[in-house]
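Fold and contact review
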Amino acid sequence: MIDAFLAQHALLAAVAGALMVAVLPGFLAWLGTGLPFGWMAWPAVLALSLVANFQVTFYLTLGGINRVESQAVLAALLLACCAALLTSRRRGAEYGAAAASAAAPLRRGATAPFLVAALAFLAGISAAALLQRLALGHTGVFEAWDAVVSWNRWAADWRRGISPRNTYGYPQLVPAAWATTYLWLGTDRIEFVAKGLMALFPLAVAALYVDLYLRTRWPAALAALAAWPVLLLRVFPEIVDSGYVDVPVAFFILLCVHLLFLARSGLAGRGRAWLLAAACAAGAVLSKQAGWLAFAVLLASLAAAYRPGDSSWRRDAARALAAFALLAGPALAHQYLGMWRGADPGNFTYVTSTIYGGETLLGRIGRALLVDTPRALEALLPAPAGVALLLALLLAALRLPAGRRCWLGLVLPYYLLWAMFFSYDLRNFMPAVPLLCLGLGLGVQSLAQALGLYREAGTSAPEKPAGRRAPALALAAMSAVLALSLLPQSTREDLLRRSEAERLRSGDAEMNAALLEHARRAGFAGRIFTTHAPLARIPGLQEHFFFLPDRPSLSSELVMAMKQNRPICHIIGLVPRGGEIRYLVLHAGVLPGVIEQGLAEGTLVLLHASPQLRFMALQCKDARGEHERRS
């Protein structure tokens, strides 16, 4: 009955799914803390909602009841609990008392007005560019490889009420979030709500910089706010809202670090801040393996705050660690138990070793330092100028205690870890980029201090006590949006038609049309080996998509063959079940030497080319036999 109703009111289903994933659980949790709804509240609500949504999805799936009816009952309970908290007179009085008792002095800096104005102007321009990119720069379907082939596949499993298969050890918080939107919409073919959720994470990072500035009046926070959109849009443009989980895990790490900083600086109650930081650390490790950085920072902060005989430390630390264990432990144990039993393949060895084709650790560090980093900086400045500016701000930041903790304790150790094990892709450094922006901002602040433009002052300003007006207005707005979403006559079929039309345009509309034309011809058979991810979701093409979910990693022999530019028939012969492959659809920069050699020899026949992709027929009579003959 509920599904039939939602099928006729698909916009209501979309709004309800978004609220359940990104707002309602965290909103209730934040109300329970009694903290004010400032700039940090909304990133925290997002983080807590995502963690809560994962817990609900995980346990309902284990219980076999992850259905839209269960979600509807839960949504009604959450709304009722929020309303009860806000209408309780006793609770409303406690809000002000709790905030007043936890209020701490805010350190305000004596800053030259033109410095603040200049940094705020730059931050405003950067933020506007980010907002424009998020609002106009994407379609309503996923296009990136991992998002389409892995994350969305796992989300479809969660939506069907089964534990995802072939996860390779990747955490599942983001796929579980997408799955909840699919559950409400009744299909995993309508992706615009899940895609829209990914746009929240870059904005949440920006909101944390604003919160840091309002609490400390550090110019570093404004400089970080200016740097974040620039680095994101210029150096990492392909992952802004693509479905890759690198920005979400970066958000969780920054929020965890921010909360721990507030606790250390006396700008928030220690016990509450540690508890929230533990929840964010759990969210980080449930998002991607790099999230263990947040847990490491949590442990280091707890250890640094230890004082012999401090009973409150034992209580607060125990609560934080227990919260982390309860939120992250069961799901990770369930996943790794499946890997240990052989039910789920892993690819840790592949991404940390095999993919490098025999390159040594020192070689990787040297390449990351001398090649990859300057190349990334060239998106901003000529490489020599970019490296010089980076080093200058790094050295300047080391003059400040916060700068030393940021660079020496967080950014540089993670850079070394990335260079040794994950530098096969620059996006793997993204988890540390928000901290890098803060480190650059601290360098700017240090230079401003040296020039006499800024100094820390000791004046204090207490936080405003938490009231009920802002959360009450927020709850009323959510209820109004839910009610208004009933008005447009938007059915599930309407949204499906729009989604499928966007899917045909995704990635490369010209190539998609050409591929469909060839696929409809008589005699078109076999599989397509491709780097063009949308092919895996386009009806008429997805049945030809070649992918082995149980064998995600390339063999060392295959990696070396590609690295040595061996003939295409030799390479395909090394692919498991490579005999099924009859066509290639590859981006222009993929194996250029191999492809040109194959076209010249006639083992590849060009069928269609677009500015981005080439569609080729493979002319190996027997790919496996060809490999054996050449060997």
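Above this text you will find the structure in question.
Remember, it's a predicted structure, so these values are computed and weren't measured experimentally. (Residues numbered from 1 in each chain as written. Predicted model: local features only at pLDDT ≥ 70, side-chain atom pairs only at ≥ 80, totals over all residues. Heavy atoms only, no water.)

**Some details on the overall build of the chain**
Helix and strand counts for the chain stand at 28 helices and 6 strands. Its C-alpha atoms give the chain a radius of gyration of 26 Å, near enough to 25 Å, the size a compact globule of 631 residues would have. Structurally, the chain occupies a C-alpha span of about 80 × 65 × 45 Å along its principal axes. Here the chain holds 631 residues, and 54% of them are scored as buried. Of the contacts formed within the chain by residues at least 6 apart in sequence, a portion of 77% connects residues at least 24 apart. (Helix = DSSP H or I, 4+ residues; strand = E, 2+ residues; numbered from the N terminus. Rg over C-alpha atoms; globule rule 2.2 N^0.38 Å. Buried < 20%, exposed > 50% of the residue type's maximum accessible area, 1.4 Å probe, protein only. Contact = heavy atoms within 4.5 Å.)

**Points about the nonpolar core**
Membership of the largest hydrophobic core comes to 192 residues, with the highest contact counts inside it found for Phe27, Trp30, Trp178, Trp228 and Phe251. The contacts of Trp228, once residues within four sequence positions are left out, are Leu130, Pro202, Val205, Ala206, Tyr209, Val247, Met430, Val433, Pro434 and Cys437. Formed by 19 residues, the second largest nonpolar core is a distinct cluster that contains Phe546, Leu558, Leu604 and Cys620. (Core = buried A, V, L, I, M, F, W, Y, C linked by side-chain atoms within 4.5 Å.)

**Points about the side chain of Arg503**
Position of Arg503 among the secondary structure elements: in helix α23 (residues 492-505). For Arg503, a relative accessible area of 3% translates into the label buried. At a separation of 3.1 Å, a polar atom in the side chain of Arg503 contacts the side chain of Glu500. If near-sequence neighbours (up to four positions away) are discounted, Arg503 is found in contact with Val141, Arg189, Glu191, Asn512, Arg537 and Ile538. (Polar contact = N/O pair within 3.5 Å; in protein donor to acceptor, adjacent residues only side chain to side chain.)

**Re the pairing of strand β6 (residues 613-618)**
Burial analysis of β6 places 6 of its 6 residues in the buried class, the great majority of the element. Of the two faces of β6, the one holding Leu613, Phe615 and Ala617 and the one holding Arg614, Met616 and Leu618 are both buried throughout. With 5 bridges connecting them, strand β4 (residues 581-587) and β6 associate as antiparallel partners. Bridged to Tyr583 within β6 is Ala617. Examined bridge by bridge, strand β5 (residues 604-609) and β6 share 5 bridges and lie antiparallel to one another. Along β6, the bridge assignment pairs Leu604 with Leu618. What sits between the antiparallel neighbours β5 and β6 is a turn of 3 residues. (Pairing = 2+ DSSP bridges.)

**Notes on the sheet that holds β4**
The 4 strands are arranged β3-β4-β6-β5 in an open sheet whose pairing can be described as mixed. Every other strand in the sheet has two partners, leaving β3 (527-530) and β5 as the edge strands with one partner each. In this sheet, neighbouring strand axes are inclined to one another by 25° on average, regardless of whether the strands run parallel or antiparallel. (Axes fitted to C-alpha atoms, helices over the stretch in contact; angles between N-to-C directions.)

**Comments concerning a positive patch on the surface**
Residues Arg264, Arg307, Arg404 and Arg405 make up a contiguous surface patch of positive charge. For Arg307, a relative accessible area of 48% translates into the label partly exposed. (Patch = residues over 30% accessible without salt bridge, like charges linked within 9 Å, V, L, I, M, F, W, Y side chains within 5 Å. Areas by Shrake-Rupley, 256 points an atom, 1.4 Å probe, with all protein chains shown as cover. Salt bridge = Lys/Arg side-chain N within 4 Å of Asp/Glu carboxyl O. Lys, Arg positive; Asp, Glu negative; His and termini not counted. Charge placed at Lys NZ, Arg CZ, Asp CG, Glu CD.)

**Considering the pairing of β3**
Of the two faces of β3, only the one carrying Ile528 and Thr530 is buried; Arg527 and Phe529 on the other face are not. In terms of strand pairing, β3 meets β4 through 4 bridges, oriented parallel. The residue of β4 that forms the bridge with Ile528 is Tyr583.

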